[in-house]
Amino acid sequence: MTAHVLAQLTASVERIKAHRVAVDAEATRLRAPEFALAFDNQNAHQWCLSVVGDSLVRLRILIDQNFHFVETLGVVAVSRYLFELSVWLKLFEKDERYGLVYYGQLIETQKSYYQSTLRQLYREVELLREFERREDEEQEVLLATAGSPEDRAKIIRSVGVSIDTEAARKFSIYSEQAKHNGYGFQAYLVEHNAIPPAETALHEIENERITFDSEILPRISDLALDKNGKRKRWKWNEKAREVELQDEYDYIYAFSSKLLHATPASITTNQKNLEPEEILIFLRYIEVKVSDVIDVSRAYCVSAT
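For every chain, the first residue of its written sequence is number 1, and the numbers climb from 1 along that sequence. Note on the predicted model: pLDDT of at least 70 is required for a residue's local features to be given, and 80 or more for side-chain atom pairs to be given and counted; whole-chain, interface and lining totals, by contrast, use all residues. For side-chain calculations, the full set of non-hydrogen atoms in the structure is used, while hydrogens and water are omitted.

Q: Explain the overall build of the protein chain residue by residue, including any values.
A: Going along the chain from the N terminus, every DSSP run of H or I of four or more residues is numbered as a helix, and every run of E of two or more is numbered as a strand. Looking only at helices and strands, the protein chain features 14 helices and zero strands. Starting at the N terminus and ending at the C terminus, the protein chain contains elements arranged as α-α-α-α-α-α-α-α-α-α-α-α-α-α. Taking 305 residues into account, the globule formula puts the C-alpha radius of gyration at 19 Å, and the protein chain, at 26 Å, lies well above it. For the C-alpha atoms alone, the extent of the protein chain along its principal axes is close to 80 × 60 × 40 Å. Out of the 305 residues belonging to the protein chain, those deemed buried represent 41%. We call two residues contacting when some pair of their heavy atoms lies within 4.5 Å. Taking contacts inside the protein chain between residues at least 6 apart in sequence as the whole, the part at least 24 apart equals 75%. For every accessible area listed, the method is Shrake-Rupley and the probe measures 1.4 Å; residues are considered covered only by the protein chains on display. Looking at the protein chain as shown, the accessible area adds up to about 17400 Å², and 53% of this sits on carbon and sulfur atoms. In the protein chain, the 38 positive side-chain charges and the 48 negative ones have mean positions that sit 4 Å from each other. Radius of gyration: over C-alpha atoms. The globule rule applied is 2.2 Å multiplied by the number of residues raised to the 0.38 power. A simple rule labels every residue: compare its accessible area, found with a 1.4 Å probe on the protein chains alone, to the largest value its type can have, and call it buried under 20%, exposed over 50%, or partly exposed in between. For the purpose of charge, His is not counted, nor are the chain termini; Lys and Arg are scored as positive and Asp and Glu as negative. Every charge is mapped onto a representative atom, which is NZ of Lys, CZ of Arg, CG of Asp or CD of Glu.

Q: For the nonpolar core, give the residues involved together with the corresponding values.
A: Across soluble globular proteins, nonpolar side chains show a tendency to be buried alongside one another. Counting residues in each nonpolar core, the largest one holds 68 residues, and the members touching the most others are F83, F92, I220, L283, I286, V290 and Y300. Not counting residues up to four positions away in its chain, the partners in contact with Y300 are R29, L30, H45, C48, L49, V52 and F92. Nine residue types can take part in a nonpolar core, namely buried Ala, Val, Leu, Ile, Met, Phe, Trp, Tyr and Cys, and a core is a set of them joined through side-chain atoms within 4.5 Å.

Q: How would you sum up helix α2 (residues 20-30)? Please name residues and give values.
A: Taken together, the buried positions of α2 are A22, V23, E26, A27 and L30. In a view along the axis of α2, the buried residues occupy a sector of 135 degrees, so they form one face of it. In this structure, α2 carries V21 and T28 as exposed residues pointing more than 90 degrees from its buried face. Packed against the buried residues of α2 are α3 (33-37), α4 (44-66) and α14 (276-298). Note that the arc is defined by the directions from the helix axis to the C-beta atoms.

Q: Quick one: what's the story with the pattern of salt bridges, residue by residue and with numbers?
A: Criterion for a salt bridge: a side-chain nitrogen of Lys or Arg within 4 Å of a carboxyl oxygen of Asp or Glu. On inspection of all chains with the given rule, the structure shows 21 salt bridges. D213 is paired through a salt bridge with R209; the nearest N and O atoms lie 2.9 Å apart. One end of the pair is D213 and the other is R209, both in helix α9 (residues 183-215) and four residues apart, which spans about a single turn. Note on D213: relative accessible area 27%, which makes it partly exposed. R209 gets classed as buried once you look at its relative accessible area, which sits at 18%. For D213, the salt bridge identified is with R231, shortest N-O distance 2.3 Å. One end of the pair, D213, is in helix α9; the other, R231, is in the loop between α10 (221-224) and α11 (236-242), and 18 residues separate them in sequence. Judged by its relative accessible area of 35%, R231 is partly exposed. Taken together, the salt bridges that share partners define one network made up of R20, D24, R60 and D64.

Q: Kindly report on the environment of L127, identifying the contributing residues and their values.
A: Secondary-structure assignment places L127 in helix α6 (residues 98-143). Look at L127 and you get partly exposed, because its relative accessible area is 22%. For the pair L127 and Y253, spaced 126 residues apart in sequence, the C-alpha to C-alpha distance is 38 Å. Aside from chain neighbours lying at most four places away, what touches L127 is K170 and S172.

Q: Tell me about the packing of helix α12 (residues 246-260) against α14, and please be specific about residues and values.
A: In contact at an axis separation of 13 Å, α12 and α14 are set at 130 degrees when each is read in the N-to-C sense. Classified by the angle their axes make, α12 and α14 are oblique. The two elements α12 and α14 meet at a crossing, and its hand is left-handed. Here E248, Y251, I252 and F255 of α12 lie close against α14, whose contacting residues are E278, I281, F282, Y285 and K289. To get an axis, a line is fitted to the C-alpha atoms, and for a helix only the part in contact is used. The angle between two axes follows their N-to-C directions and goes from 0 to 180 degrees. Note that the term roughly parallel is reserved for angles under 35 degrees, roughly antiparallel for angles over 145, roughly perpendicular for angles of 65 to 115, and oblique for everything else. In this scheme the crossing of two helices becomes right-handed for a clockwise turn of the near helix relative to the far one and left-handed for an anticlockwise turn of less than a right angle.

Here it is as structure tokens:
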């Protein structure tokens, strides 16, 4: 890396970090408590304003966490995130009803999250019960031939370590806690403390979806539904084209898909990282996008309806 390129990289990073003050100020302004109290989830403009405010908070976090040390995956991931954010913001500018489209997408995302969470919790209970059964059976078999109390204690510890080791190799949220609570009791805790709140949350989201479909969806049918009346699948390339960001989509996604996924092109290659000149291109892109988000936010007035 030449000294000239290094100086450019350093300057670009410092300019990005310098935006943090403006980002924080706008986030504070747009997320005023009085706005949250008066928020109407059927108001398209308020959704746009809310998303812009939340995006500033997210942007502040990105700046704080990703520019102390600049590396390939972080730079590309932030660039892709900012590209997708810019698509949403431009859609809001084009038609405020996209704020309601965003709301619909949010409901679907939350619904999928709780459905996935519940499936995992049910799997957890089944897995924990299975480990409890196996631990009991193995201990019973081995203890039948044990002699002294010391031997019995050693067998119990040995079986416990063996089960804990196998459990650690499974994708389990609660396996570590089960080492201390016991697999059976941990299964009981998941059934009674974790599953009911998730079921309640899913039920509430499903009711919200029903209200959305009956009261809001008809107002955005041309944006959210296809010619057969079914929900359109969100496709970033189509939305990018709609707001004239197709070139950015092609460039950003080509790099991010190669680097962020375990594809043959990312595994079987000698170039595991971007070259300094390529990183500089992405940093300049981030600079522009951060500045754009700040400019967009300043056009919003909290008191507007």
